[in-house]
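One letter stands for each residue in the lines below.
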Amino acid sequence: MATTYFWQDELAAGQVRLGLTQEAQEALGKIRFVDLPEIGTSLTVGKPFLSVEAEKAVLDLEAPLAGTVVDVHRELSDKPALLAETDHNDNWAVTVSTK
């Protein structure tokens, strides 16, 4: 999956929040399940870090940047459809420290 499927918002120095773009939402369809990484997980560009089960595909999504997961949107475990929202406060998946 293309790394362009993630939007990136810089929160604080060296911290970036990742979520699904509109393009990714359309390609996947209704999202039914999300397997989130644990806090402390190291991300490597191009390596899978997030699993998504959706209407149109079951995919392991690749990290668009390198760093360490410092926050996880735990509400997605019970409400995976939040990834289809347009508001970045709802459809984020993880926050990564790039330092």
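Our subject is the structure listed above.
Heads up: these notes are all about the structure in this document. Since the model is a prediction, treat every value here as computed from it, not as a measurement.

## Description of the sheet that holds strand 2 (residues 15–20)
Point 1. Spatial strand order, 1-2-8-7-4: five strands in an open sheet with antiparallel pairing. The outermost strands of the open sheet, each flanked by one partner alone, are strand 1 (6–12) and strand 4 (42–43).
Point 2. Where strand 7 (residues 67–72) meets strand 8 (residues 92–97), four bridges bridge the pair, whose relative direction is antiparallel. Paired with Thr 68 across the two strands is Ser 97, which belongs to strand 8.

## Digging into the pairing of strand 6 (residues 58–62)
Point 1. Pairing geometry for strand 5 (residues 48–54) and strand 6, over five bridges, is antiparallel. Paired with Pro 48 across the two strands is Glu 62, which belongs to strand 6.

## Thoughts on the sheet that holds strand 3 (residues 31–35)
Point 1. Pairing within the open sheet is antiparallel, and its three strands lie in the order 3-5-6. Strand pairing shows two members of the sheet lacking a second neighbour, strand 3 and strand 6, which therefore form its edges. Neighbour to neighbour, the strand axes of the sheet diverge by 25° on average, direction disregarded.
Point 2. Alignment of strand 3 against strand 5, held across four bridges, turns out to be antiparallel. By the bridge assignment for strand 5, Val 34 is matched with Val 52.

## As for the pattern of salt bridges
Point 1. The full count for this structure, using the stated rule, is two salt bridges.
Point 2. Between Asp 71 and Arg 17 there is a salt bridge; the shortest N-O distance is 4.0 Å. You can see Asp 71 sitting in strand 7 and its partner Arg 17 sitting in strand 2, a full 54 residues away along the chain.
Point 3. Relative accessible area serves as the criterion here: at 30%, Asp 71 is assigned to the partly exposed category.
Point 4. Across the pair Glu 75 and Lys 79 runs a salt bridge whose closest N-O atoms are separated by 3.3 Å.

Cut-off values and rules
- Residues numbered from 1 in each chain as written.
- Predicted model: local features only at pLDDT ≥ 70, side-chain atom pairs only at ≥ 80, totals over all residues.
- Heavy atoms only, no water.
- Pairing = 2+ DSSP bridges.
- Helix = DSSP H or I, 4+ residues; strand = E, 2+ residues; numbered from the N terminus.
- Axes fitted to C-alpha atoms, helices over the stretch in contact; angles between N-to-C directions.
- Salt bridge = Lys/Arg side-chain N within 4 Å of Asp/Glu carboxyl O.
- Buried < 20%, exposed > 50% of the residue type's maximum accessible area, 1.4 Å probe, protein only.

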